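Coordinate inspection notes
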Amino acid sequence: MSTLTEQATTTAAQSLRDDPRIAQAKALILQTVAEHAARLDGVRPPRPELADHYQQLLSEAAAARGAPLFWPYLAAGLGHGPYVELADGSVKLDFIGGIGVYGCGHSHPGTIEAALGAAIDDVPMQGNLQLHPPSVRVAQRLIELAACEQAPLKHCMLSTSGAMANENALKLAFHKAAPADRVLAFDNAFAGRSIALAAITDRPSYRKGIPIALSVDYLPCLDINHPERSTRWAVDELKRLLARYPGKHAAFWAELIAGEGGYYPGSHDFFAALCRPIREAGIPIIFDEVQSFSRTSRPFAFQHFKLQEFADIVTLGKITQVCATLYRESFKPTAPILSQTFTGATSSMAIALSTLDALQASNCFGDDGQNMRRHRHFAAGLERLVHRHPGKIAGPFGEAMMIAFTPGSGSGEDAKWLMDLMFAEGLLGFVCGSNPTRLRFLPPPAITTERHIDAALELLDQALAKFVPTA
Ligand SMILES: Cc1ncc(COP(=O)(O)O)c(C=O)c1O
């Protein structure tokens, strides 16, 4: 397939990029970064001489933010694979990566090289009126990735956040289904932090004092212990809602693996049983893959669950550094409802492309691809810890490269306590869900090895030895 860049080989900008001095400079920088990063090849404690300085930085961060940080994490700016150096000189095994944004781990040469290329571009931020060819290539690559499993998502709008990608998705759905104005979503949903998305997100505290911008009807999730019963219940509930509000629903909103809700996957049968009547009722189907993109057996979780026929609009973000809304031809808006000054940084576009290359090159995908194999290895290790530390840790363990477990009693206090103990041991994971509150890991799929997972399990084992769950 020809690309815009290939057609534009004669521009001055292209000769700059092709100038051998640029290649030499990049090589020198990459070699220098690699030499420094090589020191960060394992967990290490904070440096006592940096302790005061670090406390000062944390206080400044809290003052600027208006609240303390959720945990004492301030990165130093260098890492190595899944290891990250903090500004206190400690090195942590980072299995959360800013909630899944490090597809290739820290200070990855491909990421740095992509960013260096972007640094000499005249346009720091891409947008609707300042677009360059790599932006177009990102959109094309995402459309191709969807199409390779027969999802006819013909168009792609890029954006700077998952929330904006989801806002764009909602706009497309409302635009098509007007005047319908209700949304169907799941219990425990998390869609983002805008005013409209706070209405979908099933956490009252996240919309305290915020007007309810949308009318949302909630469906129960799949209960893996009672799949048939819970599917029947969800379908009955759906039918009841469709009968109560005929023609009023403009969107069915689904995370195929509940992310902030606690890392609970659905299944093909569960979603298909709901999507069929939803499709019959002419309600647009939106899959929110902001957290799940590229973490299952396929680039998209809707492909993993074989739900291609139902995907009308799909959003993604995090690991790609740039967020996106993909949609079918029939959802092309007939009015200028989508437009953004900024669709993403030039470096984000370059890093998105290099990350997508790295994910494919490291065989993340496939029924027995790395993502599924790493999950099995991780889950088997967690199962061993369940027996080694009775009452301290329980499954289920999530799906593919979205790993989670329930600490102790499942209370928020237990999860926070174990998270802090892991942090002190040098392992980064983060809370998700409520009732029970769980801990999750989002290892960088392109570079995580079994050795890294074993190192994480060993650190978790040490943290569990110090953890005394509340009754
Ligand atoms: C499923 C899901 N949707 C949307 C978002 C919002 O993305 P962002 O924080 O980039 O706005 C998130 C973020 O965690 C998410 O997990």
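All of these numbers come straight from a predicted model, not from anything done at the bench. (Residues numbered from 1 in each chain as written. Predicted model: local features only at pLDDT ≥ 70, side-chain atom pairs only at ≥ 80, totals over all residues. Heavy atoms only, no water.)

Focus on the pairing of strand β20 (residues 438-441)
Here β20 shows a buried face lined by Arg 438 and Arg 440 and a second buried face lined by Leu 439 and Phe 441. Inspection of the sheet shows strand β17 (residues 402-407) paired to β20 by three bridges, in the antiparallel sense. The residue bridging Ile 403 from the neighbouring strand is Phe 441, located in β20. Sheet topology places strand β19 (residues 430-432) next to β20; three bridges connect them, and they run antiparallel. By the bridge assignment, Phe 430 is partnered in β20 with Arg 440. The turn joining β19 and β20, which pair antiparallel and follow one another in sequence, is formed by five residues; a positive phi near 75° is taken by Gly 433. (Buried < 20%, exposed > 50% of the residue type's maximum accessible area, 1.4 Å probe, protein only. Helix = DSSP H or I, 4+ residues; strand = E, 2+ residues; numbered from the N terminus. Pairing = 2+ DSSP bridges.)

Describing the sheet that holds strand β3 (residues 91-94)
If you trace the four strands from one edge of the open sheet to the other, you get β1-β2-β3-β18, paired in mixed fashion. In this open sheet, the two strands that pair with only one neighbour each are β1 (75-80) and β18 (427-428). The pairing of β1 with strand β2 (residues 83-86) spans three bridges and is antiparallel. The residue of β2 that forms the bridge with Gly 79 is Val 84.

So, the site of the ligand
Around the ligand sit 13 residues in total, of which Gly 162, Ala 163, Asp 288, Gln 291 and Lys 318 are the nearest. Asp 288 is positioned with one of its side-chain polar atoms (N or O) 2.7 Å from a nitrogen atom of the ligand. For the ligand, whose free accessible area comes to 390 Å², the fraction covered by protein is 83%. No other element matches helix α8 (residues 162-177), which puts three residues into the shell around the ligand. (Near = heavy atom within 4 Å. Polar contact = N/O pair within 3.5 Å; in protein donor to acceptor, adjacent residues only side chain to side chain. Areas by Shrake-Rupley, 256 points an atom, 1.4 Å probe, with all protein chains shown as cover.)

Here we look at the packing of helix α7 (residues 133-147) against helix α13 (residues 346-361)
Viewed as axis vectors pointing N to C, α7 and α13 meet at an angle of 35°, and their least axial separation amounts to 8 Å. Note on packing geometry: the crossing formed by α7 with α13 is left-handed. In contact with Pro 134, Ser 135, Arg 137, Val 138, Arg 141, Leu 142 and Leu 145 of α7, α13 contributes Met 349, Ala 352, Leu 353, Leu 356, Asp 357 and Gln 360. Broken down by class, the residue content of the contact of α7 with α13 amounts to eight nonpolar, two polar and three charged. (Axes fitted to C-alpha atoms, helices over the stretch in contact; angles between N-to-C directions. Left-handed = near helix turned anticlockwise from the far one by under 90°. Contact = heavy atoms within 4.5 Å. Nonpolar A, V, L, I, M, F, W, Y, C, P; charged D, E, K, R; others polar.)

Side note on the sheet that holds strand β5 (residues 155-159)
Reading across from one edge, β5-β13-β12-β11-β8-β6-β7 is the order of the seven strands in this open sheet, with mixed pairing throughout. Lying at the two open borders of the sheet, with one neighbouring strand each, are β5 and β7 (215-219). Direction aside, neighbouring strands of the sheet carry axes that sit 20° apart on average. In terms of strand pairing, strand β6 (residues 182-186) meets β7 through five bridges, oriented parallel. Bridge pairing in β7 links Val 183 to Val 216. Relative to β7, helix α10 (residues 227-244) is tilted by about 155°, and along the sheet it contacts β6, β7 and β8 (249-254).

A short note on helix α15 (residues 412-425)
An α-helical turn contains 3.6 residues, so any two residues separated by three or four positions project in the same direction. Helix length check: α15 (14 residues) gives 20 Å between terminal C-alpha atoms against 20 Å at 1.5 Å per residue, within 8%. Once α15 finishes, Gly 426 follows within two positions and takes phi at roughly 110°, a positive value. (Expected span 1.5 Å × (residues − 1).)

Some points on the domain arrangement of the protein
By domain assignment, the protein separates into domain 1 (125-361) and domain 2 (370-466). For domain 1 versus domain 2, the separation of C-alpha centres amounts to 27 Å. If you look at the interface, domain 1 gives 21 residues, while domain 2 gives 20 residues. Seen at the junction of domain 1 and domain 2, the total is one salt bridge. One salt bridge connects Arg 440 with Glu 260, and the closest N-O pair in it is separated by 2.7 Å. Linking domain 1 with domain 2 are nine residue pairs in polar contact (both at pLDDT 80 or more), by the criterion used here. In terms of residue class, the side of domain 1 that touches domain 2 is built from nine nonpolar, nine polar and three charged. (Domains from an automatic or database assignment. Salt bridge = Lys/Arg side-chain N within 4 Å of Asp/Glu carboxyl O.)

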